[in-house]
Amino acid sequence: EKNRVPILFHTGLVSVVPEDAEFGVGSARMQIVYLSTIAARFRKLNLFAAHFGWPLYQMAASLTFDWMFTNIFLDICGGPNVMVGMIKAGQLEPSIIKSHKMVYGFDSGAGSNLANDIMLWDTTLANAGYDKNDREMIFAKNTEKLLGLR
């Protein structure tokens, strides 16, 4: 917190392979609601929730309200599962999730196409009502600001 270094948390469900068993890997500790405790204790520490809390979108959306937490931000990485889930849950709209509370990340790995992912998210966000300035904030400006790059 004192160094102003943001922290990215994996939130939502996680795929567990047998090799993970000895390390206690599982989805139970990855629920986005746990970030509320950290955010309340460390008010100046910016927290990024990867995968938008998939599939707990309403909980994720609630934690971004500025009157509740100014230091929780949602990373929209995760591809079609996250995108479709957000739309079906009715959470991907500017009146619910403000553009200054979202950042774009890409975690689809080798062989995935970053340009296609950006184009798909850009189109989806535009169709949901986020204007060009909103999308520029989500894709770059928010992260630049939160990392102190501008």
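Before going into details, it helps to say that this report is about the structure given with it. (Residues numbered from 1 in each chain as written. Predicted model: local features only at pLDDT ≥ 70, side-chain atom pairs only at ≥ 80, totals over all residues. Heavy atoms only, no water.)

## Some details on the overall build of the protein
Looking only at helices and strands, the protein has five helices and four strands in total. Moving toward the C terminus, one meets the helices and strands of the protein in the order β-α-β-α-β-α-β-α-α. Expected size for 150 residues packed as a compact globule is a radius of gyration near 15 Å; at 15 Å, the protein falls within 12% of this value. Oriented by its inertia axes, the alpha-carbon framework of the protein measures out at about 45 × 40 × 30 Å. Evaluated residue by residue, the protein yields a buried proportion of 38% over its 150 residues. In the protein, 73% of the contacts between residues at least 6 apart in sequence involve partners at least 24 apart. Of the roughly 8,500 Å² that the protein leaves accessible, carbon and sulfur atoms contribute 58%. Charged side chains of the protein number 14 positive and 14 negative; the gap between the two group centres comes to 10 Å. (Helix = DSSP H or I, 4+ residues; strand = E, 2+ residues; numbered from the N terminus. Rg over C-alpha atoms; globule rule 2.2 N^0.38 Å. Buried < 20%, exposed > 50% of the residue type's maximum accessible area, 1.4 Å probe, protein only. Contact = heavy atoms within 4.5 Å. Areas by Shrake-Rupley, 256 points an atom, 1.4 Å probe, with all protein chains shown as cover. Lys, Arg positive; Asp, Glu negative; His and termini not counted. Charge placed at Lys NZ, Arg CZ, Asp CG, Glu CD.)

## What to know about the sheet that holds strand S3 (residues 72-75)
Spatial ordering of the open sheet is given by S1-S2-S3-S4, a layout of four strands whose pairing is parallel. Both outer strands of the open sheet, strand S1 (7-10) and strand S4 (102-103), are each paired with one neighbouring strand and no more. Helix H1 (residues 34-41) rests against S1, strand S2 (47-50) and S3 of the sheet, and its axis sits at about 170° to S2. (Pairing = 2+ DSSP bridges. Axes fitted to C-alpha atoms, helices over the stretch in contact; angles between N-to-C directions.)

## Let's talk about the pairing of S3
Taking every second residue as pointing to the same face, both faces of S3 are buried, with Ile 72 and Leu 74 on one and Phe 73 and Asp 75 on the other. Sheet topology note: the S2/S3 ladder contains three bridges and is parallel. Across the sheet, Leu 47 pairs through a bridge with Ile 72, a residue of S3. Tracing the backbone out of S2, into helix H2 (residues 57-63) and back to the parallel element S3 gives a crossover that is right-handed. Sheet topology note: the S3/S4 ladder contains two bridges and is parallel. Each bridged residue has a counterpart across the sheet, and for Asp 75 the counterpart in S4 is Val 103. Read as a crossover between parallel neighbours, the route from S3 over helix H3 (residues 79-88) to S4 is right-handed. (Right-handed = clockwise from strand over helix to strand, strands pointing away.)

## Digging into the environment of Phe 65
Following the sequence through the fold, Phe 65 ends up in the loop between H2 and S3. Relative accessible area serves as the criterion here: at 29%, Phe 65 is assigned to the partly exposed category.

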